Amino acid sequence: MIDKKPLFVTGIGTWIGKTITSAILVEKLKADYWKPVQSGDLDNSDSQKVKSLISNKISFIHPETYLLTQPFSPHKSADIDGITIDAEKFMLPQTNNTLIIEGAGGLMVPLCKGFLMIDLIKKLDAEVILVSQNFLGSINYTLLSTFALKEYDISVRGIIFNGKKDHYSEEFILEHSEITFLGRIPEFDVLDKKAIKEAGNYIDL
Ligand SMILES: Nc1ncnc2c1ncn2[C@@H]1O[C@H](COP(=O)(O)OP(=O)(O)O)[C@@H](O)[C@H]1O
Ligand SMILES: [Mg+2]
């Protein structure tokens, strides 16, 4: 089934597993992928990573709206590049397929003056998949993220935990926030197409 709303993969922070999760979802749903803002790593971008990790021939990787050369918060990277990010420029790519969108960093990452990643999610009318990881401090990040999503009245499909299980953390988060558990991605020794395909079986979408 094609999802009506685009699915926006956000995380409780940066380097949490958004790209890996996006690749898994893109492969599982044979969905399209779009990274609106790539900040730094232009020779190994998230779009390139996702492309290299999926096996199906249906998924289309849409071009980024902003490609910034510096690996900082987008508002800083844009300024260094002499660009001002214009919120009006973010238009959903045209597709009949399910669309997986990957944010940069977490929800409260600034794109330009007065405009955060969470504002972009709202503007695109997307449904959120939150990626979390269990480490000391992660309950706080995760609950703050779910709290912000509620405040903004954004629809949330659910949460995916990436890596090691911690039932103290997960049970508390699920009970307190009432967010839907969508699955857990294991820690892979080798992250290749086979692992990404297999991981789809752990996600309930
Ligand atoms: N489940 C996992 N198993 C093995 N390596 C992982 C896993 N999840 C993430 N990684 C590695 O951790 C790093 C950050 O993941 P990534 O998906 O790029 O995070 P983000 O997009 O949130 O910045 C990458 O090097 C990725 O390969
Ligand atoms: Mg990423």
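Our subject is the structure listed above.
I will try to describe carefully the structure that is included in this document. (Residues numbered from 1 in each chain as written. Chains lettered and ligands numbered in written order. Predicted model: local features only at pLDDT ≥ 70, side-chain atom pairs only at ≥ 80, totals over all residues. Heavy atoms only, no water.)

## Description of the overall build of the chain
Broken down by element type, the chain carries 7 helices and 11 strands. Since a compact globule built from 205 residues should have a radius of gyration of about 17 Å, the 16 Å found for the chain is in line with a globular shape. Its C-alpha atoms put the chain at 45 × 40 × 30 Å along the principal axes. Considering only contacts within the chain whose residues lie at least 6 apart along the sequence, 72% involve residues at least 24 apart. Carbon and sulfur atoms make up 54% of the accessible area of the chain, which amounts to about 10,600 Å² in all. Computed over 22 positive and 27 negative side-chain charges, the separation of the two mean positions in the chain equals 4 Å. (Helix = DSSP H or I, 4+ residues; strand = E, 2+ residues; numbered from the N terminus. Rg over C-alpha atoms; globule rule 2.2 N^0.38 Å. Contact = heavy atoms within 4.5 Å. Areas by Shrake-Rupley, 256 points an atom, 1.4 Å probe, with all protein chains shown as cover. Lys, Arg positive; Asp, Glu negative; His and termini not counted. Charge placed at Lys NZ, Arg CZ, Asp CG, Glu CD.)

## Structural notes on the environment of Ser 177
Note on placement: Ser 177 falls in helix H6 (residues 167–177). Residue Ser 177 is classed as buried on the basis of its relative accessible area of 5%. Measuring from C-alpha to C-alpha, the distance between Ser 177 and Leu 42 comes to 36 Å, with 135 residues separating the pair along the chain. Setting aside residues no more than four positions away along its own chain, Ser 177 makes contact with Leu 143, Thr 146 and Lys 150. (Buried < 20%, exposed > 50% of the residue type's maximum accessible area, 1.4 Å probe, protein only.)

## Describing the coordination of the magnesium ion (ligand 2)
Distances from the magnesium ion (ligand 2) to its protein donors, namely Thr 19 (OG1), Asp 46 (OD) and Glu 102 (OE), fall within the range 2.1 to 2.2 Å. Along the chain, the residues donating to the magnesium ion (ligand 2) are arranged with the sequence spacing T-x26-D-x55-E. Placement of the pair is Asp 46 in helix H2 (residues 46–53) and Glu 102 in strand E6 (residues 99–102), with a sequence separation of 56 residues. In this pair, the class of Asp 46 matches that of Glu 102, namely buried. (Donors = N, O, S within 2.8 Å, 3.2 Å for Na, K, Ca; no water.)

## Focus: the site of ligand 1
Around ligand 1, 13 residues are found, and the nearest of them are Lys 18, Thr 19, Asn 162, Pro 186 and Phe 188. Contact distances for ligand 1 include 2.8 Å between an oxygen atom and a side-chain N or O atom of Thr 19. In the model, a nitrogen atom of ligand 1 is placed 2.8 Å from a nitrogen or oxygen of the Pro 186 main chain. Its free accessible area being 560 Å², ligand 1 has 79% of it covered by the protein chains. Broken down by element, the shell around ligand 1 gets its largest block of residues, 3 residues, from helix H1 (residues 18–29). Broken down by class, the residue content of the shell around ligand 1 amounts to 7 nonpolar, 3 polar and 3 charged. (Near = heavy atom within 4 Å. Polar contact = N/O pair within 3.5 Å; in protein donor to acceptor, adjacent residues only side chain to side chain. Nonpolar A, V, L, I, M, F, W, Y, C, P; charged D, E, K, R; others polar.)

## Considering the pattern of salt bridges
When the charged atoms of two side chains lie near each other, side chains of opposite charge can form a pair. Tallied over the full model, the rule gives 8 salt bridges. Linking Lys 35 and Glu 102 is a salt bridge whose minimum nitrogen-to-oxygen distance equals 3.4 Å. Separated by 67 residues along the polypeptide, Lys 35 in the loop between strand E2 (32–34) and strand E3 (37–39) and Glu 102 in strand E6 bring together distant segments of the chain. As far as the burial class goes, Lys 35 and Glu 102 line up, both buried. Between Asp 46 and Lys 49 there is a salt bridge; the shortest N-O distance is 3.6 Å. Residue Asp 46 and its partner Lys 49 are located together in helix H2, separated by 3 residues, close to a single helical turn. Judged by relative accessible area, which is 9%, Asp 46 ranks as buried. For Lys 49, a relative accessible area of 21% puts it in the partly exposed group. Shared partners join several salt bridges into a network, and the residues in it are Lys 35, Asp 46, Lys 49 and Glu 102. (Salt bridge = Lys/Arg side-chain N within 4 Å of Asp/Glu carboxyl O.)

## Here we look at unusual backbone geometry
In this structure, Trp 15 is a non-glycine residue whose phi angle is positive, near 60 degrees. Mapped onto the fold, Trp 15 is located in the loop between strand E1 (7–11) and H1. The phi dihedral of Glu 178 falls on the positive side, at around 60 degrees, and the residue is not glycine. Within the fold, Glu 178 resides in the loop between H6 and strand E11 (181–185).

Without other data, these values stay purely geometric and don't point to any function.
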